[in-house]
Amino acid sequence: MFSLSAKIQDVFNEPACEKNHGKDAKARKKGCSKPLTPGAAAGGCAFDGAKIVLQPITDIAHLIHAPLACEGNSWDNRGAASSGPTLWRTSFTTDLSELDMVMGQSERKLFKAIREIKEAYAPPAIFVYSTCVTALIGDDIEAVCKRAAEKFGLPVVPINAPGFVGSKNLGNKLAGEALLDHVIGTVEPDDAGPYDINILGEFNLSGEFWLVKPLLDRLGIRVRACIPGDARYLDVASAHRARAAMMVCSTALINLARKMEERWDIPFFEGSFYGITDTSEALRQIADLLVRKGADPEILDRTEALIAEEEAIAWKKLEAYRPRLEGKRVLLNTGGVKSWSVVHALMEIGIEIIGTSVKKSTVEDKERIKQILKDENHMFESMAPRELYAMLSQHKADIMLSGGRTQFIALKAKIPWLDINQERHHPYAGYDGMVELVRQIDLAIHNPIWCQVREPAPWDCLPAVEEEMLGEEGTRATVDAFKEFAGTTAGDFGEC
Ligand code: SF4
């Protein structure tokens, strides 16, 4: 347990994290987790965070050493996509019972589970996750994994991030540490080249990285490892031979990016594939880093040519939506997605941004949003559900873009809503992804269901209904029966 505490302190002390710069030693030691608000949803635990980061590695078996519920809680809760293997979506757990624990059988059960997986599926590796229960009873998963790896001749990787040690974000980082300690650098590729890059913190949600990869292919840039989206074990194990890296989600894997730079001299930058300008900027920075690491400088010109071509196509496609979306008001409550890059592209086609959350945006992001919106009042850290509902029900927005948690506020206010967080069903990365986002906004706003939903309910229109029924050879008795069915009296009729 001591080594886990030391690891957690190390993660909290991340020098590449800009929030850490402003903290004193005491505040740094406490980490970033805020105390939970009683009654509010607590979010995921550290185990959940580690599983989120590692499960998209698609060809390995993810074995959860715990009673059944931990796996049920964490299984496949993001829409990452695989272009091949499906083993990652099979649930493996040791399913510990009280008896296993009382009888001291849990480590034995774990070893047996590893053997069963090896014999039935022969994966290239097995990741074993510790959880609250197995950490509290003192199971030494590192020792069991080591013994199993020797016995079965395959990598068995312990992921030491039991739920109680902290937040989901801490679990993300502990998953990165496990990759550094046990996976990356363990396989030497025989085809390393000057155009190899890693993409870190990209989850391939709804397969959106597949909208970006063809651009890199056209430039002759090879993605040695995309961690974790649609990754294979051997790609991750040989990721230390990439020449440069792009970090997409810094809050999840900044420690991984920094330590890979220190250990293997892989420079990285933080970028985003959301929005047209951001995608172009990311491509430019990748090419630039590769040239700095020895690639032929002609790639810079080819990158500019590709950007010019792709941007022209994307803006032309977006222009087609201008007549339908110009003047529409959007409320962005985005959480993780880089707000400012989306804001910029939406404003370009005449959409008005009436507010954007900046809770997870960096200081740099906030500055850019301020410049684009020219009004700080449009930025908010977080908005209470009550305020959000008031804003939407007064029709101050035509649509809300947010994560699933706030969808019901929009639906209650009878306002269109579009999911742009991790559970979304449509890919929004790259140039084509931006066009898809605008297409989805258009579909949501102009969906004919909203006219029907906003119609008054029949029981709020009884005078009109009564008139209609009597006019259609109805009888007074029928009308009275209808009133009774509607649960109202003649004096309470609403006006239409
Ligand atoms: S690891 Fe702990 S907090 Fe997380 S799901 Fe399991 S029991 Fe719950």
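Reading the values: the criteria
Residues numbered from 1 in each chain as written. Predicted model: local features only at pLDDT ≥ 70, side-chain atom pairs only at ≥ 80, totals over all residues. Helix = DSSP H or I, 4+ residues; strand = E, 2+ residues; numbered from the N terminus. Buried ≥ 20, exposed ≤ 12 C-beta atoms within 10 Å, placed from the backbone. Contact = placed C-beta atoms within 7 Å. Pairing = 2+ DSSP bridges. Axes fitted to C-alpha atoms, helices over the stretch in contact; angles between N-to-C directions. Parallel < 35°, antiparallel > 145°, perpendicular 65-115°, else oblique. Left-handed = near helix turned anticlockwise from the far one by under 90°. Nonpolar A, V, L, I, M, F, W, Y, C, P; charged D, E, K, R; others polar. Near = placed C-beta within 6 Å. Core = buried A, V, L, I, M, F, W, Y, C linked by C-beta atoms within 7 Å. pLDDT = per-residue confidence, 0-100. Expected span 1.5 Å × (residues − 1).

(A) Inspection of the overall build of the protein at higher detail. Helices and strands together make up the secondary structure of the protein, namely 24 helices and 13 strands. Looking at the protein as a whole, 43% of its 496 residues qualify as buried. Nonlocal contacts in the protein, meaning residues at least 24 apart in sequence, comprise 71% of its contacts between residues at least 6 apart.

(B) Quick peek at the sheet that holds strand 4 (residues 156–159). As summarised here, the arrangement of the four strands in space is 2-1-3-4, forming an open sheet in which the pairing is parallel. Edge positions in the sheet fall to strand 2 (92–93) and strand 4, since each has one partner strand and no second. Where strand 1 (residues 61–64) lies against strand 3 (residues 126–129), four bridges are found, and the strand directions are parallel. Considered in strand 3, the bridge of Leu-63 is made with Val-128.

(C) Quick look at the packing of helix 4 (residues 46–54) against helix 10 (residues 168–182). Between helix 4 and helix 10, whose axes approach to 6 Å, the crossing angle comes to 50°. With respect to helix 10, the axis of helix 4 lies oblique. Our pair here, helix 4 against helix 10, has a crossing hand that is right-handed. Here helix 4 contributes Ala-46, Phe-47, Asp-48, Gly-49, Ala-50, Ile-52, Val-53 and Leu-54 to the contact with helix 10, which in turn contributes Lys-168, Asn-169, Leu-170, Gly-171, Asn-172, Leu-174, Ala-175 and Gly-176. Grouping the constituent residues of the contact of helix 4 with helix 10 by class yields nine nonpolar, five polar and two charged.

(D) How the structure looks around the pairing of strand 3. Judged by which residues are buried, strand 3 turns out to be covered on both faces: Ile-126 and Val-128 on one side and Phe-127 and Tyr-129 on the other are all buried. Of the strand pairs in this sheet, strand 3 and strand 4 are connected by four bridges, and their pairing is parallel. The partner of Phe-127 across the bridge, within strand 4, is Val-157.

(E) Geometry of the packing of helix 15 (residues 298–319) against helix 21 (residues 430–445). Running from amino to carboxyl end, helix 15 crosses helix 21 at an angle of 5°, the nearest separation of the two axes being 9 Å. As summarised for this structure, helix 15 and helix 21 are arranged roughly parallel, according to the angle between their axes. Residues Glu-310, Ile-313, Ala-314, Lys-317 and Leu-318 of helix 15 touch helix 21, and the partners they reach there are Tyr-431, Met-434, Val-435 and Val-438. Residues belonging to the contact of helix 15 with helix 21 are distributed by class as follows: seven nonpolar, no polar and two charged.

(F) Fine view of the pairing of strand 1. The alternating pattern of strand 1 places Ala-61 and Leu-63 and His-62 and Ile-64 on opposite faces, both of which are buried. Here strand 1 runs beside strand 2; their pairing, made up of two bridges, is parallel. Paired with Ile-64 across the bridge in strand 2 is Thr-93.

(G) Here's a closer look at the site of the ligand. Contacts to the ligand come from eleven residues, most closely from Cys-45, Cys-70, Thr-131, Cys-132 and Gly-163. Taken together, the elements giving at least two residues each to the shell around the ligand come down to helix 4 and helix 5 (68–74).

(H) Here's a closer look at the environment of Lys-396. Of note, Lys-396 is situated in the loop between helix 19 (385–393) and strand 12 (399–402). You can call Lys-396 partly exposed: it has 14 C-beta atoms within 10 Å. Excluding anything up to four places from it in sequence, Lys-396 contacts Arg-329, Ile-354 and Met-391.

(I) Geometry of the nonpolar core. The biggest cluster of nonpolar side chains holds 121 residues, and the ones touching the most others in it are Leu-63, Val-128, Val-236 and Ala-245. Setting aside anything within four residues of it in sequence, one finds Val-236 in contact with Ile-57, Leu-179, Val-183, Ile-184, Ala-225, Ile-227 and Ala-231.

(J) Spatial organisation of the sheet that holds strand 5 (residues 196–202). Spatial ordering of the open sheet is given by 6-5-7-8, a layout of four strands whose pairing is parallel. Of all the strands in the sheet, just strand 6 (222–228) and strand 8 (268–270) have a single pairing partner and so form its edges. This sheet shows a mean twist of 20° between the axes of neighbouring strands, independent of strand direction. The pairing of strand 7 (residues 244–247) with strand 8 spans three bridges and is parallel. In the strand pairing of strand 8, Met-246 is matched with Phe-269.

(K) Structural detail: the environment of Ala-429. As for its placement among the helices and strands, Ala-429 is situated in the loop between strand 13 (417–419) and helix 21. Considered as a pair, Ala-429 and Gly-275 are 154 residues apart in the sequence and their alpha carbons are 7.3 Å apart. Residues contacting Ala-429, with those up to four places away along its chain left out, are Glu-208, Phe-209, Leu-211, Val-212, Phe-273 and Tyr-274.

(L) Quick peek at unusual backbone geometry. The amide bond that connects Ile-227 to the next residue, Pro-228, takes the cis arrangement and shows omega of 5°. In this structure, Asp-265 takes a positive phi of about 55° despite not being glycine. Within the element layout of this structure, Asp-265 appears in the loop between helix 13 (250–264) and strand 8.

(M) Quick look at the confidence of the model for the protein. In this model, the protein carries an average pLDDT of 85, and 80% of its residues clear a pLDDT of 70 or more. In this model residues 489–496 is a low-confidence stretch, pLDDT under 50, and it forms nine contacts with partners more than four residues away in sequence or in other chains.

(N) Region of the structure containing helix 21. Given a rise of 1.5 Å per residue, 16 residues ought to cover 22 Å, and the 23 Å separating the end C-alpha atoms of helix 21 matches this to within 8%. Those residues of helix 21 that fall on the buried side of the exposure criterion are Gly-430, Tyr-431, Asp-432, Gly-433, Met-434, Val-435, Leu-437, Val-438 and Ile-441.

(O) Region of the structure containing the environment of Met-247. Looking at the element boundaries, Met-247 is found in strand 7. Between the alpha carbons of Met-247 and Asn-198 there is a distance of 8.4 Å; along the sequence they are 49 residues apart.

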